[in-house]
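The residues making up each chain are set out below.
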Amino acid sequence: MEVKYDPDKRKLLSSLSHGAIFFSTIVLSIGVPIVISLISDDPVVKTNAKESINFHFNVWFWETVIGIPIAVLSFLTFGIGGILFFPVVALGFAIHWGLTIWALFHCLTNADEPFRYPFIFRLV
């Protein structure tokens, strides 16, 4: 017997999981996909929630790897280093937001297939 899942609920929960990254400055944003993965019984929603958790970890990792050296350099050069590396930071935000918008678009248009972010490491 095949189990049918509500496509609107699937779209909503999958989109919420991926969209939570827009609030990544709040560390609790990872709680949204964690809670969704715990309460949902839909395998596509669970996979999307796990992928969102992995994307959170990747964003935080790269923010740390890139952000700490830029912050130290900016401090040592009285702000000049921060100005020089602004394009790097802008590119990071463009990638971060672009991948999230791509994931949201995928979840809303192709709800039966989980989204997979390219080029990220997966811990969960």
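Just above sits the structure.
Reading the values: the criteria
Residues numbered from 1 in each chain as written. Predicted model: local features only at pLDDT ≥ 70, side-chain atom pairs only at ≥ 80, totals over all residues. Heavy atoms only, no water. 1 Å grid on protein atoms, 1.4 Å probe; cavity = no way out; pocket = protein on both sides within 12 Å on 5 of 7 lines; lining within 4 Å. Points joined across faces, edges and corners; volume = space filled by probe spheres on them. Helix = DSSP H or I, 4+ residues; strand = E, 2+ residues; numbered from the N terminus. Nonpolar A, V, L, I, M, F, W, Y, C, P; charged D, E, K, R; others polar. Phe/Tyr/Trp six-rings, centres within 6.5 Å; stacked < 30°, edge-to-face > 60°. Salt bridge = Lys/Arg side-chain N within 4 Å of Asp/Glu carboxyl O. Buried < 20%, exposed > 50% of the residue type's maximum accessible area, 1.4 Å probe, protein only. Axes fitted to C-alpha atoms, helices over the stretch in contact; angles between N-to-C directions. Parallel < 35°, antiparallel > 145°, perpendicular 65-115°, else oblique. Left-handed = near helix turned anticlockwise from the far one by under 90°. Contact = heavy atoms within 4.5 Å. Expected span 1.5 Å × (residues − 1).

Caption draft 1: Local environment of the layout of surface pockets. Quantified by volume, the largest pocket comes out at close to 530 Å³. Along its surface, the largest pocket is lined by 19 residues, and Trp 62, Glu 63, Ile 66, Gly 92 and His 96 are the ones closest to its centre. Every element with two or more residues in the lining of the largest pocket is listed here: α3 (43–76) and α5 (86–109). Of the residues belonging to the lining of the largest pocket, the class tally is 14 nonpolar, four polar and one charged.

Caption draft 2: Summary view of the packing of aromatic side chains. Tallied over the full model, the rule gives seven aromatic pairs. Measuring from centroid to centroid gives 5.0 Å for Phe 115 and Tyr 117, while their planes differ by 90 degrees, and the two rings are edge-to-face. The structure contains a cluster of three or more aromatic residues connected by ring pairs, namely Phe 55, Trp 102, Phe 115 and Tyr 117.

Caption draft 3: Representation of unusual backbone geometry. A positive phi angle, close to 55 degrees, is found at Phe 78, a residue other than glycine. Following the sequence through the fold, Phe 78 ends up in the loop between α3 and α4 (80–84). You will see that Phe 119, though not glycine, has its phi angle at about 60 degrees, which is positive. Secondary-structure assignment places Phe 119 in the segment after α5.

Caption draft 4: Here's a closer look at the pattern of salt bridges. Considering all chains together, one arrives at four salt bridges under this definition. A salt bridge links Arg 10 to Asp 112; the nearest nitrogen and oxygen atoms lie 2.9 Å apart. Here Arg 10, found in helix α1 (residues 7–19), pairs with Asp 112, found in the segment after α5; they are 102 residues apart in sequence, far enough to count as distant. A relative accessible area of 9% means that Arg 10 is categorised as buried.

Caption draft 5: Representation of the packing of helix α2 (residues 31–39) against α3. Remark: α2 packs on α3, axes separated minimally by 8 Å, with the N-to-C direction vectors making an angle of 155 degrees. It follows that α2 is roughly antiparallel to α3 by the angle criterion. Seen from above, α2 lies across α3 with left-handed handedness. Of α3, the residues touching α2 (which contributes Pro 33, Ile 34, Ile 36 and Ser 37) are Val 45, Lys 46, Ala 49, Ser 52, Ile 53 and His 56. Its residues placed into classes, the contact of α2 with α3 shows six nonpolar, three polar and one charged.

Caption draft 6: Spatial organisation of α5. Between its terminal C-alpha atoms α5 stretches 34 Å, which fits the 34 Å expected from 24 residues at 1.5 Å a residue. When α5 is considered as a whole, its buried residues turn out to be His 96, Leu 99, Thr 100, Ala 103, Leu 104, His 106 and Cys 107. Close packing links the buried residues of α5 with α1 and α3.

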